[in-house]
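Residue strings, one per chain:
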Amino acid sequence: MPALDGMRVLDMTQYEAGTSCTQALAWLGADVVKIERPGMGDPGRGVARGIDPRPYFLNWNSNKRSVAMDLSKPEGRELFLRMVPRFDVFVENYGPGVIEKLDIDYPVLRELHPPLIYARIKGFGLEGPYAHFKSYDMVAQAMGGAFSVTGFPGGPPTRPGLTIGDAGTGVQTALAITAAFVQRQRTGEGQFIEISMQEAMTYYMRTVIANGSEWGASAAPRRGNSSGPGTDLYPCKPFGPNDYVYLMVVTTRQWDTLCAAIDRTDMLTDTRFATEQARLEHAEELREEITKWTSQHTKHEAMQILGDGDVPAGATLDTYELHHDPHLVSRGFVQEAEHPEAGTLRFMGWPPRMSESNVPIISAPLLGEHTVEVLGEELGLADADLAPLLEGGVIAQSDGPPRSTNGGAPAGEAQEDARSAAASRSR
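Novice: Is there a simple way to think about unusual backbone geometry in this case?
Specialist: What is expected of a backbone is that most residues other than glycine have negative phi and most peptide bonds are trans. Here the amide bond leading from K237 into P238 is cis, since omega sits at 5°, within 30 degrees of zero. Mapping P238 onto the fold places it in the loop between strand 7 (232–235) and strand 8 (244–247). Positive phi is not limited to glycine here, since Y15 has a value of about 55°. Along the polypeptide, Y15 turns up in the loop between strand 1 (8–12) and helix 1 (17–27). The phi torsion at N63 lies on the positive side, around 65°, for a residue other than glycine. Mapped onto the secondary structure, N63 falls in the loop between helix 2 (54–60) and strand 3 (64–69). When its relative accessible area of 12% is taken as the criterion, N63 is described as buried.

Novice: Got a minute to help me understand the pairing of strand 11 (residues 343–348) in this structure?
Specialist: In the case of a regular strand, side chains alternate between the two sheet surfaces. The pairing of strand 10 (residues 334–339) with strand 11 spans six bridges and is classified as antiparallel. Bridge pairing links V334 to M348 in strand 11. Taking the residues between adjacent antiparallel strands as the criterion, strand 10 and strand 11 are bridged by three residues.

Novice: I keep staring at the sheet that holds strand 4 (residues 89–92) and nothing clicks. Help me out?
Specialist: Pairing is mixed across the open sheet formed by seven strands, whose spatial order is 6-5-4-1-2-3-12. Taken across any chain shown, the strands that pair with only one partner, and hence form the sheet edges, are strand 6 (191–196) and strand 12 (395–396). Across five bridges, strand 2 (residues 31–36) lies against strand 3 in parallel orientation. Across the sheet, the residue bridging to V32 is K64, located in strand 3. Against the sheet, helix 3 (residues 74–83) contacts strand 1, strand 2, strand 3, strand 4 and strand 12, and its axis sits at roughly 145° relative to strand 3.

Novice: Quick question: what am I supposed to make of the sheet that holds strand 7 here?
Specialist: Pairing between sheet strands relies on hydrogen bonds along the backbone, with the strands arranged either parallel or antiparallel. Reading across the sheet, the three strands line up as 7-8-9 and stay open at both edges, with antiparallel pairing between neighbours. The open sheet has two free edges, formed respectively by strand 7 and strand 9 (313–315), since each of these has just one partner strand. For this sheet the average axis-to-axis angle between neighbouring strands, irrespective of direction, equals 25°. As defined by bridge partners, strand 7 adjoins strand 8 across four bridges and the pair is classed as antiparallel. Among the inter-strand pairings, P235 is bridged to a residue of strand 8, identified as Y244. Packing against the sheet, helix 12 (residues 283–294) makes contact with strand 7 and strand 8, and its axis sits at approximately 45° to strand 7. Across the sheet, helix 13 (residues 299–308) lies against strand 8 and strand 9, angled at about 160° from strand 9, the strand it touches most.

Novice: Just checking my understanding: could you explain the packing of helix 3 against helix 16 (residues 371–379) for this structure?
Specialist: The packing of two helices is summarised by the inter-axis angle and the distance between the axes. Contact geometry for helix 3 and helix 16: axes closest at 10 Å, N-to-C directions at 55°. As judged from the angle between their axes, helix 3 and helix 16 are oblique. The chirality of how helix 3 crosses helix 16 is left-handed. Here helix 3 contributes L79, R82 and M83 to the contact with helix 16, which in turn contributes V374, L375 and L379. When grouped by side-chain class, the residues that make up the contact of helix 3 with helix 16 number five nonpolar, no polar and one charged.

Novice: Mind showing me how you'd approach the layout of surface pockets here?
Specialist: Roughly 910 Å³ of internal volume is contained in the second largest pocket. Along its surface, the second largest pocket is lined by 27 residues, and V149, T150, V208, R223 and G224 are the ones closest to its centre. No other element matches helix 9 (residues 206–212), which puts four residues into the lining of the second largest pocket. For the lining of the second largest pocket, the class distribution of residues is 14 nonpolar, 11 polar and two charged.

Novice: I would appreciate a short explanation of the nonpolar core in the present structure.
Specialist: Generally speaking, nonpolar side chains in soluble globular proteins are found buried as a group. Counting 29 residues, the largest nonpolar core has I35, M69, F80, M83, F90 and I104 as the members making the most contacts within it. If you list the elements that add at least two residues to this core, you get strand 1, strand 2, strand 3, helix 3, helix 4 (98–102), helix 5 (106–112), helix 16 and helix 17 (383–391). Per-element tally for this core: the top contributor is helix 3, with four residues. If we skip the residues at most four places from it in the chain, M83 touches L10, V33, I35, M69, V374, L375 and L379. One finds A17, V91, A140 and A174 within the second-largest nonpolar core, a separate group that totals 26 residues.

Cut-offs used in this document
- Residues numbered from 1 in each chain as written.
- Predicted model: local features only at pLDDT ≥ 70, side-chain atom pairs only at ≥ 80, totals over all residues.
- Heavy atoms only, no water.
- Helix = DSSP H or I, 4+ residues; strand = E, 2+ residues; numbered from the N terminus.
- Buried < 20%, exposed > 50% of the residue type's maximum accessible area, 1.4 Å probe, protein only.
- Pairing = 2+ DSSP bridges.
- Contact = heavy atoms within 4.5 Å.
- Axes fitted to C-alpha atoms, helices over the stretch in contact; angles between N-to-C directions.
- Parallel < 35°, antiparallel > 145°, perpendicular 65-115°, else oblique.
- Left-handed = near helix turned anticlockwise from the far one by under 90°.
- Nonpolar A, V, L, I, M, F, W, Y, C, P; charged D, E, K, R; others polar.
- 1 Å grid on protein atoms, 1.4 Å probe; cavity = no way out; pocket = protein on both sides within 12 Å on 5 of 7 lines; lining within 4 Å.
- Points joined across faces, edges and corners; volume = space filled by probe spheres on them.
- Core = buried A, V, L, I, M, F, W, Y, C linked by side-chain atoms within 4.5 Å.

Written as structure tokens, this is what we have:
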């Protein structure tokens, strides 16, 4: 059985911080029902950046069911409140004040369903001088210190490429929800979970804080790509924008194996490089010597030689290469799933591998795809009950093509029927 089989989640999330949380729970087996506004849905559906808007939403909302319901209308709010006692968890990451305006904050839902686990993700939390400020991923990263340690010495703070402000916070929230769910098995009690994106970012800063801030007495510096002699990014042929290999030489033994792997044992006795201090003082000369070798190889060749020689090293993969990396593909990490509008999609899988829990990927839902299904299952509403709600715009359903029943499967292999994994959802 999936690890979280039996956990039922009401998902009122948008963009990424909340959707990454509920997707993590879904990938662990929870039944996640996403409540979206009719017509527009999660605004993440419209994030395009000049390209097809679907990839952003599809990457963060697989394995969920979508119910289009307008909570600003009394009838929609009433339907939602009737659904609450059927679920274990409620998650939201709307802007400050939105949930209060809808009158569905924790005291309201707890009164309806005391065992409810209620989780809120906010940029700066629910109290403090910044509590009313809006936030996005990079705002949280800037306020959490990540910009300050990214970039080259002497240069400006730099925007990190990863969206850990959102997704990193979301996964922390999913862990807290899972812990609360386990605790409820013992106590029978629900609880309130609040997480600040700014505070969540400091978790990923612990190493640079430890190695550069002297317990808060100073600011950790920007170090560029190097964190020590020999540890750096080196160019490889054919010298394209991502044709680099990263070496991380930490121990004396690794320095010895590096010299052997690149056939430069002469550097072991070269006075410029014989000790760690000498290598630090002659870092630029050392970089030139290593670059002479990497420039003769592609990044994959260099990684193979260095890896076989017991030297920690990795090719700089771009996003295309991630989808086609032979290692990730051979491990079944790159998976395919069918979407009724977008066709066959390739996804990065879920990193944790659990011997007794496997949940195939099901591509993200169309807006309102499961409205009729969920309201029928949860509230016993028949077509005659739903018709006036549909006509009045209280709820909406997808008019897209029918959903394929094929779930996610390793890329290049036959796909399995993923809906069978969800057929035994606990009610």
